[in-house]
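Chain by chain, the residues:
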Amino acid sequence: MKKAFLLLSIIALITSCKNDSKSQNSLDNEIEKETAALTIAQHLAENAGISNWDNVEEIKFSFNVGKDGRTVLTRNWKWNPNTDSVQLIALGDTINYNRNSKLDSIQASTDRGFINDVYWLIPEFKLVWDEGTEITEKKSQIAPISKEKLDMITILYNNEGGYTPGDAYDIYYDKDHKFKEWAYRSKNDSVITMATTFKEYKTIEGITIATDHLTPDGFTRINFTDIEIIKKK
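All of these numbers come straight from a predicted model, not from anything done at the bench. (Residues numbered from 1 in each chain as written. Predicted model: local features only at pLDDT ≥ 70, side-chain atom pairs only at ≥ 80, totals over all residues. Heavy atoms only, no water.)

**Thoughts on the packing of aromatic side chains**
Here comes step 1: A complete count under the given rule lists 17 aromatic pairs for this structure.
Here comes step 2: Aromatic side chains Y119 and W182 sit 5.9 Å apart centroid to centroid with 45° between the ring planes, which places their arrangement in the tilted category. Taken together, the residues Y119 in helix α2 (residues 105-121) and W182 in strand β8 (residues 179-185) connect sequence positions 63 residues apart. Like W182, Y119 is buried.
Here comes step 3: An aromatic cluster of three or more residues is present, and its members are Y119, W120, Y157, Y169, F179, W182, Y184 and F198.
Here comes step 4: The ring of Y201 has K178 sitting right over it, with the charged end atom 4.6 Å from the ring centre. (Phe/Tyr/Trp six-rings, centres within 6.5 Å; stacked < 30°, edge-to-face > 60°. Helix = DSSP H or I, 4+ residues; strand = E, 2+ residues; numbered from the N terminus. Buried < 20%, exposed > 50% of the residue type's maximum accessible area, 1.4 Å probe, protein only. Lys NZ or Arg CZ within 6 Å of the ring centre and 35° of its normal.)

**Quick word on the pattern of salt bridges**
Here comes step 1: Scanning the model with the defined rule gives nine salt bridges in all.
Here comes step 2: For K126, the salt bridge is made with D130, and the minimal N-O distance between the two is 3.2 Å. Each member of the pair, K126 as well as D130, is classed as buried.
Here comes step 3: Between D151 and K139 there is a salt bridge, and its shortest N-O distance comes to 3.5 Å. Residue D151 is found in strand β6 (residues 149-157), and its partner K139 is found in strand β5 (residues 133-142); the two are separated by 12 residues along the sequence.
Here comes step 4: The network of salt bridges with shared partners includes D84, R99 and D111. (Salt bridge = Lys/Arg side-chain N within 4 Å of Asp/Glu carboxyl O.)

**Focus: the sheet that holds strand β4 (residues 93-98)**
Here comes step 1: One open sheet accounts for seven strands, arranged β4-β3-β2-β1-β12-β11-β10; its pairing is antiparallel. The two strands at the open ends of the sheet, each matched to only one other strand, are β4 and β10 (199-204). Going from strand to strand, the sheet's axes swing by 15° on average, the running direction of each strand aside.
Here comes step 2: Both strand β3 (residues 85-90) and β4 contribute to a ladder of six bridges, which runs antiparallel. Across the sheet, residue V86 finds its bridge partner in β4, namely Y97.
Here comes step 3: Helix-sheet contacts for α2 involve β1 (56-67), β2 (70-80), β3, β4, β11 (207-214) and β12 (220-231), and the interaxial angle to β2 is about 95°. (Pairing = 2+ DSSP bridges. Axes fitted to C-alpha atoms, helices over the stretch in contact; angles between N-to-C directions. Contact = heavy atoms within 4.5 Å.)

**Description of α2**
Here comes step 1: Taking 1.5 Å of rise per residue, 17 residues should cover 24 Å, and α2 covers 24 Å from first to last C-alpha, within 8% of that figure.
Here comes step 2: Within α2, burial applies to Q107, T110, D111, G113, F114, D117, V118, Y119, W120 and L121.
Here comes step 3: Its side-chain oxygen 3.1 Å from the backbone nitrogen of I106, D104 forms the N-cap of α2. (Expected span 1.5 Å × (residues − 1). Polar contact = N/O pair within 3.5 Å; in protein donor to acceptor, adjacent residues only side chain to side chain.)

As far as function goes, none of this settles anything; it's purely spatial.
Below is the structure:
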């Protein structure tokens, strides 16, 4: 009788272990599925070096707009992301402000330019930083400029808050999770407002940035110069 009871106990223990193993495997599979489901945006951000962002003390860069081969606009920025203090030097003027403080009309106008220029600088990070967005993904889409088949991720901003509510960006990326081109659609219109390439990538202190963007007709060029990233000591 004791032997029979012991045998039953062992069988029950083995069965329990198997069930636990199945439960653990099931849990692992669910975690894996959840991770895979949310990683496209994260992969794109990681590929651009978002894991190194916490080490950044200050970033400086010049945002340049060219038309027909001539530079028509240059904005020189200095930004401390830890304090959110910003400095703009443009057209002979210097404007300093802190994004955590109440902004006057000049500072608010300056901040619109800052948000725009940072979006061009590190759009991969905005995919995971920005709130009030809806992200969708599609495989093997025809890119608007190269006409290549590339995977696409779209970020759509809701109609509340921010400087450009309701806008959408279709971002086309390659198998290495690197941006190749994007299409901006104002107010989520079906017609593309502006499309550009992503070229001339440079990695500075672990942050990878596309420094050159060109419209399909080659008339408009947006590029970055004088990029400097200062790490925390």
